[in-house]
Every structure is written in C-alpha cells, then in structure tokens.
Amino acid sequence: MTNLRPPGCCLTWTLCLLLTAASESVAPPDSLRLVWLSNTSLTCNDGTPAGYYIRRGTNSHHWVVYLEGGGYCWDAKSCRARWKRRPGLMSSARWPRARRAPALLSMDPAANPLWHNSNHVLLPYCSSDMWAGTRTKSSNDSFVFTGRLIVKAVLSELLQFGLKGRVLLVGSSAGGTGVMLHADAARRNLRTHGIRVAAIADSGWFLDRHTRARRISVDAIAKLGHSLWQGSPPTSCVRQFREKPWLCYFGYRLYPHIRTPLFVFQYLFDSAQLTAEGVRAPRTRAQWDAVHETGTALRSSLKGVRATFAPACIAHGALARPEWLAINVSGIPLPRAIRCWEQRFSAPNRREHARCAPRRLIERCSWPQCNGSCPRLRDPRTGEEVALAALLQSFGLDVNGAAAAMGLDARALSRMSRAELLPLLAPHT
C-alpha cells in the first residue's frame, strides 16, 4: 500500500503540536486532539499515517493510555473482507482532528470518577494485529501490520509531552490483548525515566478452545495471524511455547509471564469469545449448553489471576461504555474494585487495603445474565430486548416448575420485569 497522508495532515511532529494547541478553542468539549506519529514509516494497514489523540489533565503525574480494539484479520481473504466491511479499522484517512472521549477518558467526574483529571491518550486501532505486528513492508499490494511498533513509538513520543509519574495502560477487546502483550515492555522502557506502569485488560482474555461449530480453530487463526503480522509476543512467553509462539496471544497462557501489575476485567460469557467459537445468536438448548461450557472454561482460566472482575454476562467490552459505572459483582461496582486495586500497588497503607474490595471478584452464579447489572441482551434479529423469562426458558429452565415452587402463576412470572424476577429466581438456580 502507498504511504498516503490524509489531506491537512501535519508535516512534522512540532507542527502537529502547534496546530493541536491552536485547535483548543474550536474542539468540542471533552474531546481529545489528534497528533500524527513523527515516525512516518509506522502506518495503518493501508499505508496512511498512524497517530494518537491526547488531552492534558490537571494531574500531571498520572497518565491513562488507552488501546482501542476492533478485531483483527489473519490472512489475505479475511483482510480483504475486513477492508471491504470496516475500512475505518485499517486506515486513518478519515480520522477527525478531535474525538469525543470514551467513558474511561472523560473529563466528567460523573462519567469517569477514577481518572477524570488524568492526562488522557487514545491510540486508534488501525493495524488489525492485536497491537502485535512488526511487518513494515507489504508485498503484492498487501497490507502492513505495525501495531507493536506503533505502541512503542507513541510511548516514546509521550516522553516529549512530559510523561512522568504513573502510566495506566488500558485496552479493550483486541486492545486488552495488546495491553497484556505490551505491559512488561512498557514497564521496562519507562522505569529508566522514573515512571511506574500498571495495566488493565478489558475483555481481551481469549481462549483457544476447539469447538465443532467453527470450521477453523481459534489457535489456527492465531497461527496464521502471527505469521502474517510478523507478530512479536513477549520473549518470556515465547520461550515456553517455542514451537507454537502464537499461543502467547491467549491471556491465560500469557498471564504467568507478566510481571506488571495487571487487572483483568472479563465477562464470563464474553460475546466475542462465543462468536469465535461459532455461537453467534444462541436459541436452542444445545447452543445454550455451548454457552455454559464457555462460561465454565473462562471461569476456570481465571483461577490464577490475582486481580480480576468477572460478571456472568453475555457482553463484550466495558470501560469505554457509560454502563461501566453500574456493573458490579456481589454488590461491588467495577470502579470501586479498580480503585482498590490501584491503591494496593500505589499506597503502602495496609489498613486502607483491609477495608477495600477483594482482589478477585468472580460471579458466583453459573447462568448467563444472572447479574442484574449486566448490559441488556438484545435479539440480533429484531434489536429488541430479550425478556429474562424467555431467556431462562431457552436455557432449559422449567418456568412452570419455577413458578409453582415460588407460589406464582406461570403467566405472571413470564410478565415480570428483570428487576422483579432476578431476586426470586436466585434461590432456585
């Protein structure tokens, strides 16, 4: 692909800074401003320049660096399909000068109680490689994959912006995987500047399970992607999987090698994991059995994780969405769990730690959507919310039997709202 620069792009990093500062007065509120990477050899898939969005906060010693997600492609066919379907995830040609902040980068304390006054940096995802690629040259008019190099270059440039104190590296979906791949390298590179690094992986904890519903296995896809991207997972993990280094893209295999403080947020019935296993819109009992098996596998894979938050929901991605404030496990909201985790490695006061939330919060109930704070589940055919009673019936729950056990009429039970039904069903599930 030809290295094209979008119309109006800054020619130099210094000019980008000047234009960014000049646009302060015209940018919409709570937005981040675009800076192009000074290293023009690092590009999006199609050769357009890579960059990042940035906004200064009042707390000069705390930085939140967010890696966006958005899937990936692994061979020529899947990349052509991605380019046709979602070109915005492979090119910067239409990036705006300013972008509205996602929830975790908002300046509004009501929307972002944890980091509203931090310095905010957003890395748009246009490399389709889980932020792992090092392929800078294309062949036969194909794509380039430089995600790993982009992250390293952005962190280096941020030092020129006055990066200091503490950096929280956060990512969702493919960005969550990218965070786990980059955490230790970022920590090593930045500690020479006196900067401490911690990381949060949101919905990037994927499993390499084999299922009959998928014609090509997840680990086979990872193998193809690793080769196409010229992927570069952490060396410590690759040493364990010398013959199969692509296994290091799976969180539960990579986690034992990560030394950086890491908080893992993962829905137990992650919808992207289900899609990868060939279960897109479960309706039959057999399909719901497959959903339960995925939940069981995800729960088991989190056993050794020191800091984790895992609600029993069918959903994907939390921190960039407004509803992240409401998600809870055992009555403890996600923001409180993260705050306590941050306090543990940043403050030495152990008495405060004792009054804080547990490190590990994994949903106790074993069926999907049993948590009242789960994002609403919608029928992909109609877009309408799925009634909880109908959902439970599709799981195989005997609604008539459950109603009789509770002394209710089955029709009355089926008409109950989610808020009314969940407390009644809890003792019976």
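Up top you'll find the structure we're talking about.
Heads up: these notes are all about the structure in this document. Only a predicted model underlies this, so the values are computations on that prediction, with no experimental measurement involved.

Section: the overall build of the protein chain
Counting its secondary structure elements, the protein chain contains 15 helices and 12 strands. Here the analysis covers contacts within the protein chain between residues at least 6 apart in sequence; of these, 73% occur between residues at least 24 apart. Accessible surface, the protein chain: about 19700 Å² in total, of which carbon and sulfur atoms supply 52%.

What about the packing of aromatic side chains?
How two aromatic rings sit relative to each other is set out by the distance from centre to centre and by the angle between their planes. Counting across every chain of the model gives 13 aromatic pairs. By way of ring pairs, the aromatic residues Tyr 72, Trp 74, Trp 229 and Tyr 249 are connected into one cluster. Taking the ring centre of Tyr 53 as reference, the NZ or CZ of Arg 99 above it sits at 5.6 Å.

As for the side chain of Asn 119
Tracing the chain through its elements places Asn 119 in strand S5 (residues 119-123). The contact partners of Asn 119, leaving out residues within four places of it in the chain, are Arg 55, Arg 56, Gly 57, Asn 59, Ser 60, His 61, His 62, Trp 63 and Val 64.

Focus: the nonpolar core
By size, the foremost hydrophobic cluster in this structure holds 76 residues, and its most contacted members are Tyr 52, Val 121, Leu 123, Leu 158 and Trp 205. Per-element accounting of this core gives the leading share, seven residues, to helix H4 (residues 174-191). In this structure, Leu 123 is in contact with Tyr 52, Val 65, Tyr 66, Leu 67, Glu 68, Trp 131, Val 151 and Val 154, ignoring residues within four places of it in sequence. Formed by 42 residues, the second largest nonpolar core is a distinct cluster that contains Trp 36, Leu 122, Leu 319 and Val 329.

Quick look at the packing of helix H3 (residues 147-160) against H4
One way to put it is that H3 packs onto H4 with a least axis distance of 11 Å and a crossing angle of 30°. With respect to H4, the element H3 is oriented roughly parallel. The element H3 and its partner H4 pack so that their crossing is right-handed. Residues Gly 147, Arg 148, Val 151, Lys 152, Leu 155 and Leu 159 of H3 form the contact with H4, whose own contacting residues are Leu 181, His 182, Ala 185, Ala 186, Asn 189 and Leu 190. When the residues that make up the contact of H3 with H4 are grouped by side-chain class, the tally is seven nonpolar, three polar and two charged.

Some details on the sheet that holds strand S12 (residues 360-362)
An order of S4-S1-S2-S5-S3-S6-S7-S8-S9-S12 is seen for the 10 strands of this open sheet, with the pairing classed as mixed. Strand pairing shows two members of the sheet lacking a second neighbour, strand S4 (98-100) and S12, which therefore form its edges. Geometrically, the sheet is characterised by an average inter-axis angle of 20° between neighbouring strands, direction not taken into account. Looking at chain direction, strand S1 (residues 31-36) and S4 are connected through three bridges and run antiparallel. By the bridge assignment, Arg 33 is partnered in S4 with Ala 98.

Remarks on the state of the cysteines
Counted under the stated rule, the structure contains six disulfides. Here Cys 313 is linked by a disulfide to Cys 374, with a sulfur-sulfur distance of 2.0 Å. Measuring the twist about the S-S bond at about -85°, one finds the Cys 313-Cys 374 disulfide to be left-handed. On the criterion of sequence distance, the pair formed by Cys 313 in the loop between strand S9 (308-310) and strand S10 (328-329) and Cys 374 in the loop between S12 and helix H12 (388-395) is long-range, its members being 61 residues apart. Overall, the relative accessible area of 3% leaves Cys 374 in the buried class. Counting its disulfide-bonded cysteines in sequence order, the protein chain shows a connectivity of 1-4, 2-3, 5-6, 7-12, 8-9, 10-11.

Focus: the environment of Trp 115
Along the polypeptide, Trp 115 turns up in the loop between S4 and S5. A relative accessible area of 1% places Trp 115 in the buried class. With 12 residues separating them in the primary sequence, Trp 115 and Ala 103 have C-alpha atoms 9.9 Å apart. Those residues in contact with Trp 115, other than ones at most four positions away along the chain, are His 62, Val 64, Leu 104, Ser 106, His 120, Leu 168, Ile 200, Trp 324, Ile 338 and Glu 342.

Points about the side chain of Asp 129
Position of Asp 129 relative to the elements: it lies in the loop between S5 and H3. Buried within the structure, Asp 129 lacks any salt-bridge partner; Arg 82 is the closest side chain of opposite charge, at an N-O distance of 8.1 Å. Beyond its immediate sequence surroundings of up to four residues, Asp 129 is in contact with Tyr 72, Phe 145, Thr 146, Gly 147, Arg 148 and Trp 229.

With respect to the pattern of salt bridges
Throughout the structure, instances matching the rule amount to seven salt bridges. Note that Glu 342 is salt-bridged to Arg 166, the shortest N-O span being 3.2 Å. One end of the pair, Glu 342, is in helix H10 (residues 334-346); the other, Arg 166, is in strand S6 (residues 166-172), with 176 residues separating them in the sequence. Residue Glu 342 is classed as buried on the basis of its relative accessible area, which comes to 9%. Given a relative accessible area of 25%, Arg 166 falls into the partly exposed group. When the shortest N-O distance is used, the salt bridge between Glu 293 and Arg 209 registers 4.0 Å. Taken together, the positions of Glu 293 in helix H9 (residues 285-301) and Arg 209 in the loop between strand S7 (196-202) and helix H5 (218-229) put the pair 84 residues apart, joining distant regions of the chain. Classification of Glu 293 as partly exposed rests on a relative accessible area of 48%.

Rules and cut-offs
- Residues numbered from 1 in each chain as written.
- Predicted model: local features only at pLDDT ≥ 70, side-chain atom pairs only at ≥ 80, totals over all residues.
- Heavy atoms only, no water.
- Helix = DSSP H or I, 4+ residues; strand = E, 2+ residues; numbered from the N terminus.
- Contact = heavy atoms within 4.5 Å.
- Areas by Shrake-Rupley, 256 points an atom, 1.4 Å probe, with all protein chains shown as cover.
- Phe/Tyr/Trp six-rings, centres within 6.5 Å; stacked < 30°, edge-to-face > 60°.
- Lys NZ or Arg CZ within 6 Å of the ring centre and 35° of its normal.
- Core = buried A, V, L, I, M, F, W, Y, C linked by side-chain atoms within 4.5 Å.
- Buried < 20%, exposed > 50% of the residue type's maximum accessible area, 1.4 Å probe, protein only.
- Axes fitted to C-alpha atoms, helices over the stretch in contact; angles between N-to-C directions.
- Parallel < 35°, antiparallel > 145°, perpendicular 65-115°, else oblique.
- Left-handed = near helix turned anticlockwise from the far one by under 90°.
- Nonpolar A, V, L, I, M, F, W, Y, C, P; charged D, E, K, R; others polar.
- Pairing = 2+ DSSP bridges.
- Disulfide = S-S within 2.5 Å.
- Lys, Arg positive; Asp, Glu negative; His and termini not counted.
- Salt bridge = Lys/Arg side-chain N within 4 Å of Asp/Glu carboxyl O.

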